[in-house]
Amino acid sequence: MNIIVLIKQVPDTETKVRITADKRGIETNDIKWVINPYDEFAIEEGLKTKERLKEGLVSVVTVGPDRTVEALRTAVAMGADNAIHVKTESVLDTYLVAKALAEVCKKENANIIFTGKQAIDDDQAATFGYVAELLQFPSASVVVKCDISPDKSKATVEQEGDGGAKNVIETSLPAVLAVNKGINTPRYASLPGIMKAKKKEIKTYTLTDLGLGAENSKTIDSDYQLPPERAAGKKLQGDASAQAKELVRLLREEAKVI
Amino acid sequence: MLNFSLSDEQLALRDMVRKFVQQEIIPNAAKYDETSEFPREVINKAWEAGLMNIAIPEKFGGLGLGVLGDVIINEEMGAGCLGMTTSIAVNTLGLYPILLGGTDAQIEEFVVPFLSSPKLASFCLTEPGSGSDAGSLSTMAREEGDHFVINGSKMWITNAGHADLFTVFCSTNKELKTKGIICLAVPANLPGISLGKHENKLGQRCSDTRSITFENVKVPKSNLIGKMGEGFKIAMRTLDRTRTPIAAGAVGAARAAMNYSKNYAKERKQFGQPIANFQAIQFMLADMAVKIETARLLCYNAAWLIDNGQDEQGGYFSALAKRHSADMAMEVATDAVQIYGGYGYTKEYPVEKIMRDVKLVQIYEGTSQIQRVVIARHLLKD
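Residues numbered from 1 in each chain as written. Chains lettered and ligands numbered in written order. Predicted model: local features only at pLDDT ≥ 70, side-chain atom pairs only at ≥ 80, totals over all residues.

**Topic: the overall build of chain B**
Next up, step 1: The helix and strand tally for chain B stands at 11 helices and 10 strands.
Next up, step 2: Against the globule reference of 21 Å for 382 residues, chain B gives a C-alpha radius of gyration of 21 Å, in line with a compact fold.
Next up, step 3: Taking the principal axes of the C-alpha coordinates as reference, chain B spans close to 80 × 50 × 40 Å.
Next up, step 4: A total of 382 residues make up chain B; the buried ones form 51% of that total.
Next up, step 5: A sequence separation of at least 24 residues applies to 75% of the contacts in chain B between residues at least 6 apart. (Helix = DSSP H or I, 4+ residues; strand = E, 2+ residues; numbered from the N terminus. Rg over C-alpha atoms; globule rule 2.2 N^0.38 Å. Buried ≥ 20, exposed ≤ 12 C-beta atoms within 10 Å, placed from the backbone. Contact = placed C-beta atoms within 7 Å.)

Printed below as a string of structure tokens:
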């Protein structure tokens, strides 16, 4: 079984984000890069799937500049068998990233594809859907459980809905499953794993190798803005009963929560 | 050529341990400190992540990483909890005598099983009447046919209550002094071994510390590590390799104390402004940084020397690293409590624990005074 995990390298959650002068991106110089946390759950689910089935190969794939190889090595240190890097120095939109990922999935004869439900940098939650559409595979997101049938032809998938609702679906395989927090606890990249990962050969493609040399992004990020600074809090005045009245009024009229 | 950068692999190791410490050690540190319960669960996870027994050579299926690997691991773990660091790191101390003095067959028999399950080893040198004067030990090993028979007591033995294997230093002839000392690999389940109670300590409260009594414990002669009379040398060569990682644990603890007090100084307001604006606080923080950075350099230097086969110079530098790291960490932790003021003296904040924990680093694995003896002896030898 070819288990493919699509991962993205994102800025660490504690990064102080600064926007570039041309407003088309963020300053990347001093950023500490990590694997998108939702993709870590996807890696773990890929490894767990292989362990449950007692067969298969887990391949991790990412698209990006040279620095993204570090994310692949971490995934190998966690236990992935293969690492595939689509190397590009250009900034690609989700469409082109998904197209590159889909091409790799075709080359690798993917039987099941895991990825995070979204990346924590742009929060678009779009890649899994694009990839599924391009491959004409079924897909499910916010996955918190995945059981594969013994004949490996289908999977029973539990999705999380609003307010704790659960939705159980059955899908044929291959499929693209975008996982949510809570599906598992990702293991640590072990020290022996780190040693092994250092020597691991990483398969590299360029966009041209994947037949995407002439493709352009369909969207361009043109005006990044930092979120507005949080306004100062309000301090209620008067005695307790006046404060309580004012609080109820604000909750009803301004916050509209009661 | 001088190069202070860590390799990609070492950086990956550091990041992995840092994450492990954030997720497994820091959230549990106060609990284990309060209860002084043995952190078995955390130790098992550290073993699974491959953070233990890293010195076992590749030809035996280990990683064959040197002292620098342990230095990196211990600094990160020390920033989380020194008690757990000690419990996790002490296998290195327990197993090095066999790695250094044992035959391949002995390494296979006693050390290799540590790769397949989270076993623990304890190093048994110190005795009730023999601490800094380690050569004066009085635990005796008597030869009897194909066995040694051990009688005597050991003191302050880390992880003793949970260990699977002891490396025990005993004398075969007290008149020979250090030349009469041997090292024996002693499985913990042999008859005649009894354990004292878990000591109720000031700091590092979760690391298991006990006395051990050996009463007519029969150990096969095939468990003799090294030759007759080589025990003391094996113990000293072991300590040359473990002293620096222990020092690195103190560097990590001091780093944590500095970071906590730095953040607190930016938040705490007195006289209408954050106390970080006051030079008295700034100078304390600046001195902390100088102490921590110099101590880390000494640790890296000592580890590099040992890892590059320069044992004698490495031993000297490990004494420099241990003396400086332990003493500076105590100073840094004391100042961190000072910056926190009254709050720092309570268990609501993490710095008092660091102060209690680092005190032990000035005492165990060679007191700061013994490190000075080693340093001075080296300086004055010719």
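**As for the overall build of chain A**
Next up, step 1: The helix and strand inventory of chain A stands at six helices and 11 strands.
Next up, step 2: Along the longest, intermediate and shortest principal axes, the C-alpha atoms of chain A span 70 × 45 × 40 Å.
Next up, step 3: Across the 258 residues in chain A, those meeting the buried criterion constitute 36%.
Next up, step 4: Restricting to contacts in chain A with at least 6 residues of sequence separation, those with at least 24 account for 71%.

**Describing the sheet that holds strand β9 (residues 166-172) of chain A**
All names here are of chain A.
Next up, step 1: Strands sit in the order β9-β8-β7-β10-β6-β1-β4-β5-β11 across an open sheet of nine strands; the sheet is mixed. Two strands in the sheet have a free side with no partner beyond their single neighbour: β9 and β11 (203-205). Direction aside, neighbouring strands of the sheet carry axes that sit 35° apart on average.
Next up, step 2: For strand β5 (residues 82-87) and β11, the ladder comprises three bridges, and the chain directions are parallel. By the bridge assignment for β11, His85 is matched with Thr204.
Next up, step 3: Strand contacts of helix α1 (residues 37-53): β1 (2-6), β4 (57-64), β6 (112-116), β7 (139-148) and β10 (176-179), with the helix running at about 150° to β6, the strand carrying the most contacts. (Pairing = 2+ DSSP bridges. Axes fitted to C-alpha atoms, helices over the stretch in contact; angles between N-to-C directions.)

**Side note on the packing of helix α3 (residues 67-78) of chain B against helix α7 (residues 231-267) of chain B**
Residues and elements named next belong to chain B.
Next up, step 1: Packing of α3 against α7 brings their axes to within 6 Å, and their N-to-C directions diverge by 30°. By the angle between their axes, α3 is roughly parallel relative to α7. Crossing of α3 over α7 shows right-handed handedness. Along the contact surface, α3 presents Val67, Asp70, Val71, Asn74, Glu75, Glu76, Met77 and Gly78, while α7 presents Arg241, Thr244, Pro245, Ala248, Gly249, Ala250, Val251, Gly252 and Ala253.
Next up, step 2: Class assignment for the residues of the contact of α3 with α7 results in eight nonpolar, five polar and four charged. (Parallel < 35°, antiparallel > 145°, perpendicular 65-115°, else oblique. Left-handed = near helix turned anticlockwise from the far one by under 90°. Nonpolar A, V, L, I, M, F, W, Y, C, P; charged D, E, K, R; others polar.)

**Examining the environment of Gly56(A)**
All names here are of chain A.
Next up, step 1: For Gly56, the location among the structural elements is in the loop between α1 and β4.
Next up, step 2: Taking the C-alpha atoms as reference, Gly56 lies 38 Å from Ile220; in sequence the two are 164 residues apart.
Next up, step 3: In this view, Gly56 contacts Met1, Ile3, Thr49 and Lys50; residues no more than four positions away in its chain are not counted.

**Comments concerning the interface of chain A and chain B**
Next up, step 1: Taken together, the contact pairs nine residues of chain A with 12 residues of chain B.
Next up, step 2: When residues of the side of chain A that touches chain B are assigned to their parent elements, the largest contribution, five residues, is made by helix α5 (residues 191-199) of chain A.
Next up, step 3: Each residue belonging to the side of chain A that touches chain B can be placed in one class, and the counts come to seven nonpolar, one polar and one charged.

**Observations regarding the domain arrangement of chain B**
Residues and elements named next belong to chain B.
Next up, step 1: Each assigned domain of chain B is listed here: domain 1 (8-116), domain 2 (121-228) and domain 3 (232-380).
Next up, step 2: Here the C-alpha centre of domain 2 lies 22 Å away from the C-alpha centre of domain 1.
Next up, step 3: Facing the 22 residues of domain 1 at the interface are 18 residues of domain 2.
Next up, step 4: Every element with two or more residues in the side of domain 1 that touches domain 2 is listed here: α1 (8-35), α4 (82-101) and α5 (104-111).
Next up, step 5: Here the residues of the side of domain 1 that touches domain 2 sort into 11 nonpolar, nine polar and two charged. (Domains from an automatic or database assignment.)

**Re the nonpolar core**
Side chains of a nonpolar character, in soluble globular proteins, are inclined to be buried together.
Next up, step 1: Val131(A), Leu184(B), Ala254(B) and Ala333(B) are the most contacted members of the largest nonpolar core, which has 189 residues in total.
Next up, step 2: Residue contributions to this core peak at 16 residues, all from α7(B).
Next up, step 3: Excluding residues within four positions of it along the chain, Leu184(B) makes contact with Ala141(B), Phe148(B), Val168(B), Cys170(B), Val219(B), Asn223(B), Leu224(B) and Ile225(B). (Core = buried A, V, L, I, M, F, W, Y, C linked by C-beta atoms within 7 Å.)

**Remarks on the pairing of strand β3 (residues 147-158) of chain B**
Consecutive residues of a regular strand have side chains that alternate between opposite faces of the sheet.
Residue and element names in this part refer to chain B.
Next up, step 1: When strand β2 (residues 140-144) meets β3, the two strands line up antiparallel, connected through five bridges. Across the sheet, Ala141 pairs through a bridge with Ile150, a residue of β3.
Next up, step 2: The turn joining β2 and β3, which pair antiparallel and follow one another in sequence, is formed by two residues; a positive phi near 60° is taken by Gly145.
Next up, step 3: Examined bridge by bridge, β3 and strand β7 (residues 209-220) share nine bridges and lie antiparallel to one another. The residue of β7 that forms the bridge with His147 is Pro220.

**A short note on the domain arrangement of chain A**
Next up, step 1: Per the domain assignment, the segments of chain A are domain 1 (2-205) and domain 2 (231-258).
Next up, step 2: A separation of 45 Å is found between the C-alpha centroids of domain 1 of chain A and domain 2 of chain A.

**Structural notes on the environment of Ala125(A)**
Residue and element names in this part refer to chain A.
Next up, step 1: With respect to the helices and strands, Ala125 occurs in the loop between β6 and α4 (127-135).
Next up, step 2: Counting along the chain gives 16 residues from Ala125 to Ser141, while the straight-line C-alpha distance between them is 9.1 Å.
Next up, step 3: Once you skip the residues sitting within four places of it in the chain, Ala125 turns out to touch Lys117 and Gln118.

**Thoughts on unusual backbone geometry**
Next up, step 1: A cis amide bond links Leu173(A) to the next residue, Pro174(A), at an omega of 0°.
Next up, step 2: Counting through the fold element by element, Pro174(A) comes out in the loop between β9 and β10.
Next up, step 3: Even without being a glycine, Val142(A) presents a positive backbone phi close to 55°.
Next up, step 4: Within the secondary structure, Val142(A) sits in strand β7.
Next up, step 5: By C-beta crowding, Val142(A) is classed as buried, having 21 other C-beta atoms within 10 Å.
Next up, step 6: Even without being glycine, Gln204(B) reaches a positive phi, approximately 45°.
Next up, step 7: For Gln204(B), the location among the structural elements is in the loop between β6 (193-195) and β7.

**Overview of the pairing of strand β4 (residues 165-171) of chain B**
Residue and element names in this part refer to chain B.
Next up, step 1: Extensive coverage of β4 is indicated by the burial of seven of its seven residues.
Next up, step 2: The two faces of β4 match: Leu165, Thr167, Phe169 and Ser171 on one face and Phe166, Val168 and Cys170 on the other face are all buried.
Next up, step 3: Pairing of strand β1 (residues 121-124) with β4, which is carried by four bridges, proceeds in the parallel orientation. Counterpart to Ser122 in the pairing with β4 is Phe166.
Next up, step 4: Note that β4 and strand β5 (residues 181-187) share seven bridges and pair antiparallel. In the strand pairing of β5, Phe169 is matched with Cys183.

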